[in-house]
Amino acid sequence: MTSTAPSETASTPLLAVRDLVHQFHTTAGVVQAVSGVSFDVYPGETLGVVGETGSGKSTLARSVLQAPRPTSGSVLFRGTDLARLRGTRLLAARRHLQMVFQDPFGSLDPKWTVRALVSEPLIAYRTGDRGARRQRVDEVLELVGLDPSAHGGRHPRELSGGQAQRVAIARALALSPSLIVCDEPVSSLDVLIQAQVLNLFERLRAELSLSYLFIAHDLALVKQVSDRVAVMYLGKLCEVGPGDLVYREPLHPYTRALLDSIPSTDPAAARRATTIRGELPSPIHPPSGCRFRTRCPRAAERCAAEEPQMRELAAGHSVACHFPLAAPGAGTDEAVAVARTTARSEEKVGETPR
Amino acid sequence: MPSGNAGPYERAPDERAGPVSESLLEVQDLKVTFTGGGRTLRAVDGVSYSAYAGQTLAIVGESGSGKTVSCRAIMGLLPPTATITGSARFAGAQLIGLTDDQLRRHRGADVAMVFQDPTRSLNPTMRIGPQIAEAVRTHRPVSKRQARQEAVDLLRLVRIPLAERRYLEYPHQLSGGMRQRVMIAIALAGRPRLLIADEATTALDVTTQAQIMELLLELQSELDMALMLISHDLALAASYADEVIVMYAGKIVEHAPASRLFSRVRMPYTQALLEAIPRLERPAHSPLPVIGGRPPDLSALPAGCSFAPRCRCAADDCRAAEPPLTEHEPGHRWACWHPVEGGAA
Amino acid sequence: MAASLPDLLVTAEAGRTRQPRAHAAAGWVRALRLWLPAGFLILMLGACFLWPQVYPVPNPVRGSVLYAGLPPLSPGHIFGTDPVGNDVFSRILYGGQVSFEVGFAVTAIGLVVGGLLGMSAGYWGGAVDAIISRVLDVLIAFPALVLALAIAEGLGPSEVHVIWALSVFSIPATGRIARSATLELREQTFMLAARLSGTKGWRVLVRHVIPNIVPQLTTFSLLGFGVVIILEGALSYLGLGIPLPEASWGSMIAQGQQSLTASPDLVLIPSAFLFATVVSLNLLGDALRERWAV
């Protein structure tokens, strides 16, 4: 199963996802974008999910929200399984669960004003009369650092990227949710604006006791905002654990590879060799056993035969790997050596995995 | 497989502080303005730098800084509404002011560019092999068979395995990283001396980015090219470039060897950028030091330093007069009246 | 490979516009492209509908044979008279009324019925889409003129029948545009965001889909308006549309053909008005499309 509860929160998870599977039918075949993922998010914590292209992290976000519904698995939010609800009952249950998207302009109807956009959830859930709604809109706009009188009547095209994302956040906050799913919310923003919006996320988290499911492809970013981090690859979770531990003592070779690939601004840091080789396998025919084995410098026969299960190796730190990295450093050198020699035999790389 | 220098993964500090070979590209006081709707936008406002063979120069800035516009000006890829003045010499030959026909001779053969989105630059209805072969034949009068062979060689050069087989594939059959390698192969078809990578890895995953960057550096030393990296990613520049230029509002604000820039940053803007990047070493939930405001309106730049409205250290002299870009320390230039004493970033 | 205007304009304009204008076509030229055709159409509408109310014009159908065959610029008959004595100018005005009425009715029916059907098909998808698309396909397969012929033969020619016949063509045409515009819209994140905010289906359709497809539908309808006017003209020319002696530009052209060599103005004048009106509609549609970047 997944990690145990962090010390500062209650023991019942706010969100408990079990064996979530999401399948797509494409002309080329069936793709399992999310392939049996389980995790918990506790009240007041931020769980970061990091993954690259094809990891399924965005599909995961939408499946949790039932838009569209997952193929199978359960999503327990505040005790109710969202996957089993329909219509108004789903609407009611989903009230405390909101989402912020990657493209701030794409997620705002260009024909609506800021005020209309932020009041939409209030109208849909019929909260209060017009006066109360207006007050709430003003309140929430101020929370995200926008002046209601200046920005309320504007259209998205009159806003900058950072401001538009703030509007999206304000809309998500309107109904006082307990959990916000953030799907790459700062990826399309410039570095300085990104920092501003991240600080906003933190401030709101502290002030409103929010929980986040924060999804991004940037590990440093995810670690910055999260209490716990989950690493995803090709539809499955590789490693879950407290952010610091995952960074300092990664257990999964893919996590290690991600860490090594991140360019550092420290001029004294020697640039490590990339410990990953090859290309992402086709999601229609993922490798047998461990999906990462075709690119893993530590892969052995067992990896092809048997799929590794998620095991808790340290307090709150779990990994799905037959040969996890034991301690910091030890795995790295070995991995580098293996990578250097095996990377030379190009014929192996790019071969269709079976 | 050659891997270039003895230790490609380690950089001795200040190893490549000065020019080691002849300068391939010399840009002097380049200015680009756009006129439209009654307004004049000063996109690039007097930029000068040089690129040398065997060296990697990174130009870093946010959107609107002018980094992309300045490179496209050199390549002649700007719309007719742009007015370009100044000088950009490639191996002595002036590139500014040439007609499209004249520039075409330089493009690909002397200077080649790789862009951000390979999906849009590759013809989706044509197999990748012939696209590379076509690029080869644009620059050299070779037979079709010869071009095909060279295309396959280029695929191998960019480390695409099973090159013969991949030759026949369509772009949509390749991953993003592969497509970018194909773009690099096309760019190299003319055997350019200078390769400009314009946000070439921005759209790629971090692991793929690392692979592509490694490839670029290996190719640079194999082919003795000059490499220019245009990016918004300061960390990328720190890790892979020898020299770094930071641009803001159309001007160069800091220019130094990578090792020195990041260990002894001087310009408050550069410092702000560095501080705003999420760092693995930082504890979770720590607030990021951030400056407010937005980049200035390029058609109405403030008098004095363009960064003054947002700068922590701004004083009256900053708002009064624009600080010139001067080499205050050997190899390290900055444009600031009150530089910070930056320690290790 | 040429770069489009860099997105530096985005940051430069302090968040005012997101889409940079493509080229420096001077502002007044663009305004002219919109207001010239719009102005002409407004003028035509005013002339056809308001002028006869305000300023007496000779009766378009009860002309006196005494004044038959007068050339243009005759006193009291600025465009002359036709072979049976009707004043051409007033027939132009009343014929224009018919053109606009038919054009407006057919376009409106197309927008409302076709638009609704197309939007529903695009938004709900699945079985709804399948059924509606088949219905639209069947409708569009009918050749409009043949249908008009059948109706005219069966029920007798009249303005209302012309409207019915042409609506069979405008409903599926608009419907398909509405459907594809809705399909494209459905992929946008803000649609998902609206649903996640709790907004119910039909409300999403009304508050989100309609405002966003209006530009596309409007420009399409303007172009369609022109086509409808021509079709009405054609039908009337064939005798299947507005029955004589009612005025219609099409039937005026047909009549005028008989005395083409003697008085070519009887053909030229209604043709000129027909041409000018349709071209103005097209130009207006283009100008709006450019302005709304559809």
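What counts as what
Residue positions are counted from 1 within each chain, in the order its sequence is given. For this description, chains carry letters from A and ligands carry numbers from 1, given in the order in which they are written. Residue-level local features of this predicted model are given only where pLDDT is at least 70; pairs of side-chain atoms are given and counted only at 80 or more, and the full residue set underlies all totals for whole chains, interfaces and linings. Each helix is a run of H or I in the DSSP string that is no shorter than four residues. Each strand is a run of E no shorter than two, and both are numbered from the N terminus. Comment: burial labels come from other C-beta atoms within 10 Å of the residue's own C-beta, placed from the backbone, where a count of 20 or more is buried, 12 or fewer is exposed, and between is partly exposed. In this description, a residue-residue contact is defined by the distance between C-beta atoms placed from the backbone, which must lie within 7 Å. For two strands to pair, DSSP has to find at least two bridges joining them. Under the scheme applied here, ten amino acids are nonpolar (Ala, Val, Leu, Ile, Met, Phe, Trp, Tyr, Cys and Pro), four are charged (Asp, Glu, Lys and Arg), and all others, including Gly, are polar. For every element, the axis is a line fit to its C-alpha atoms; helices are fit only across the contacting stretch, and the angle between N-to-C directions ranges from 0 to 180 degrees. Here a nonpolar core is just a set of buried residues of the types Ala, Val, Leu, Ile, Met, Phe, Trp, Tyr and Cys, joined wherever their C-beta atoms sit within 7 Å.

Q: Help me out: how do you make sense of the overall build of chain B in this one?
A: Of regular secondary structure, chain B possesses twelve helices and twelve strands. A total of 345 residues make up chain B; the buried ones form 51% of that total. In chain B, of all internal contacts separated by at least 6 residues, the share reaching a separation of at least 24 is 66%.

Q: Please clarify how the pairing of strand β11 (residues 311-314) of chain A should be interpreted in this entry.
A: Walk down a regular strand and you will see the side chains alternate between the two sheet faces. Residue and element names in this part refer to chain A. Across three bridges, β11 lies against strand β12 (residues 317-319) in antiparallel orientation. What sits directly across from E312, in β12, is S318. Turn length for the β11-β12 hairpin, with the two strands adjacent in sequence and antiparallel, is two residues, and the turn residue G316 shows positive phi of about 75°.

Q: Even after reading the chapter, I still don't get the interface of chain B and chain A, so can you show me in this structure?
A: Put simply, an interface is often sized by how much accessible area is lost when its parts join up. The partner chain A presents 42 residues to the 46 residues of chain B that form the contact. Elements represented by at least two residues in the side of chain B that touches chain A include exactly α7 (176-188), α8 (206-223), α9 (234-240), α10 (258-263) and α11 (268-276) of chain B. Tallied by class, residues from the side of chain B that touches chain A come to 27 nonpolar, twelve polar and seven charged.

Q: What is the right way to look at the sheet that holds strand β7 (residues 179-183) of chain A in this model?
A: Neighbouring strands of a sheet are bound in pairs by backbone hydrogen bonds; such pairs are parallel or else antiparallel. Residues and elements named next belong to chain A. If you trace the eight strands from one edge of the open sheet to the other, you get β6-β7-β8-β3-β9-β10-β12-β11, paired in mixed fashion. Strands at the two margins of the open sheet, each flanked by one partner only, are β6 (97-100) and β11. Averaged over all pairs of adjacent strands, the angle between strand axes in this sheet comes to 20°, irrespective of strand direction. The sheet contact formed by strand β10 (residues 236-242) and β12 spans two bridges and is antiparallel. The partner of V240 across the bridge, within β12, is S318.

Q: Explain the nonpolar core here, please?
A: Proteins that are soluble and globular tend to have nonpolar side chains buried together. L213 of chain A together with I132, M228 and A237 of chain B are the most contacted members of the largest nonpolar core, which has 225 residues in total. Top element by residues in this core is α7 of chain B. It accounts for eight residues. The contact partners of M228 of chain B, leaving out residues within four places of it in the chain, are A51, L57, I59, L194, I196 and A197 of chain B. Core analysis: the next-biggest nonpolar cluster, separate from the first, contains 43 residues, V88, A148, F225 and L266 of chain C among them.

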